[in-house]
Amino acid sequence: MTTTYAALLRGINVGGAKKVPMADLRTLMEGLGHDGVRTYLQSGQAVFASGHGDDESLAAELTGAIEKRFGFAVDVIVRDHAYLKAIADACPFPAAELEAKQLHVTYFSAPVDAERFAEIDRAAYLPEEFRLGDRALYLYAPNGLGRSKLAEHLSKPRLNKGVIATSRNWNTVVKLVEMTASSGG
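Residues numbered from 1 in each chain as written. Predicted model: local features only at pLDDT ≥ 70, side-chain atom pairs only at ≥ 80, totals over all residues. Heavy atoms only, no water.

1. A short note on the overall build of the protein
When helices and strands are counted, the protein shows 5 helices and 8 strands. Secondary structure elements in the protein, listed N-terminal to C-terminal, are β-α-β-β-α-β-α-β-β-β-α-β-α. For the protein, whose C-alpha radius of gyration is 16 Å, the value lies close to the compact-globule estimate of 16 Å for 185 residues. The burial tally for the protein puts 46% of its 185 residues in the buried class. Pairs at least 24 apart in sequence give 70% of the contacts found in the protein among residues at least 6 apart. (Helix = DSSP H or I, 4+ residues; strand = E, 2+ residues; numbered from the N terminus. Rg over C-alpha atoms; globule rule 2.2 N^0.38 Å. Buried < 20%, exposed > 50% of the residue type's maximum accessible area, 1.4 Å probe, protein only. Contact = heavy atoms within 4.5 Å.)

Below, the structure is given as structure tokens:
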């Protein structure tokens, strides 16, 4: 059975570092035996269909192939259409009423619990807010991510210790749901 996935690459093509041309990424993924490989933007999203593996093994396979091909390590999270749709559907904020730049999802490679973020004085960051989901964190930043003090705090290495974390704005969240659905998975 073939499943459609999105691969989320962390920290590529940002500020001239870790350059991964999307055409090269598509070729690399096709060489791994994946079908219907498409990329979205330059910031590290690829949609593909695969009949082998699961989220974790596909992410490990892609991580290894990228390091071998490009000479540097890139963290990768792979999620299937059902997961991506469930995350979008479960958004605790009124996404339809917000600008895409105000709403972000951080995807985690493993489950995280509220205790990890217990030290954060949530009231001190209002009107910014965050809520946890299934291996995800939803962030409402009314002035955008670039000006968000809460986003800055949430990205501290000690809060993300032991997991890969990569964030996407709401437009990308929605687009990945659409792209994985249209590929048949």
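That was the structure; now back to the text.
2. Side note on the environment of Gly36
Tracing the chain through its elements places Gly36 in strand E2 (residues 35-40). Expressed as a C-alpha distance, the spacing of Gly36 and Lys175, which sit 139 residues apart in the sequence, is 16 Å.

3. A closer look at the packing of helix H1 (residues 22-31) against helix H2 (residues 55-70)
In the contact formed by H1 and H2, the axes pass within 11 Å of each other and the chain directions differ by 125°. In terms of their interaxial angle, H1 and H2 are classed as oblique. The hand of the H1/H2 crossing is right-handed. Contacts between H1 and H2 involve Asp24, Leu25, Leu28 and Met29 on the former and, on the latter, Leu62, Ala65, Ile66, Arg69 and Phe70. For the contact of H1 with H2, a count of residues per class yields 7 nonpolar, no polar and 2 charged. (Axes fitted to C-alpha atoms, helices over the stretch in contact; angles between N-to-C directions. Parallel < 35°, antiparallel > 145°, perpendicular 65-115°, else oblique. Left-handed = near helix turned anticlockwise from the far one by under 90°. Nonpolar A, V, L, I, M, F, W, Y, C, P; charged D, E, K, R; others polar.)

4. Let's talk about the pattern of salt bridges
Any two side chains of opposite charge can pair if their charged atoms end up close together. Counted under the stated rule, the structure contains 7 salt bridges. For Asp75, the salt bridge goes to Arg10, with nearest N and O atoms at 3.9 Å. With Asp75 in the loop between H2 and strand E4 (76-80) and Arg10 in the loop between strand E1 (3-9) and H1, this residue pair connects regions lying 65 residues apart in the sequence. Overall, the relative accessible area of 34% leaves Asp75 in the partly exposed class. Note that Arg158 and Glu119 form a salt bridge whose closest N and O atoms lie 2.8 Å from each other. Of this pair, Arg158 sits in the loop between helix H4 (149-154) and strand E8 (165-169) while Glu119 sits in the loop between strand E5 (103-108) and strand E6 (129-133), and the two are 39 residues apart along the sequence. (Salt bridge = Lys/Arg side-chain N within 4 Å of Asp/Glu carboxyl O.)

5. Quick word on the packing of aromatic side chains
Two descriptors summarise a pair of aromatic rings, namely the distance from one centre to the other and the angle between the planes of the rings. Under the criterion given, the structure shown has 6 aromatic pairs. Each ring, one from Phe108 and one from Phe117, has its centre 6.5 Å from the other, and the planes form 45°; the classification is tilted. Neither Phe108 nor Phe117 differs from the other in exposure class; each is buried. Taken together, the ring pairs connect Phe108, Phe117 and Phe130 into an aromatic cluster. Sitting over the face of the ring of Tyr83, Arg79 holds its NZ or CZ atom 5.3 Å from the ring centroid. (Phe/Tyr/Trp six-rings, centres within 6.5 Å; stacked < 30°, edge-to-face > 60°. Lys NZ or Arg CZ within 6 Å of the ring centre and 35° of its normal.)

6. Topic: the nonpolar core
A general feature of soluble globular proteins is that nonpolar side chains tend to end up buried together. In this structure, Val105, Tyr107 and Trp170 are the most contacted members of the largest nonpolar core, which totals 25 residues. At the level of elements, E1, helix H3 (81-89), E5, strand E7 (136-140) and helix H5 (170-182) are the ones that each hand at least two residues to this core. Each residue touching Val105, except ones within four places of it in the same chain, is listed here: Ile87, Ala136, Leu137, Tyr138, Thr166, Ser167, Arg168, Trp170 and Val173. Among the nonpolar cores identified, the runner-up in size contains 22 residues, and Ala7, Val20, Leu25 and Ala59 belong to it. (Core = buried A, V, L, I, M, F, W, Y, C linked by side-chain atoms within 4.5 Å.)

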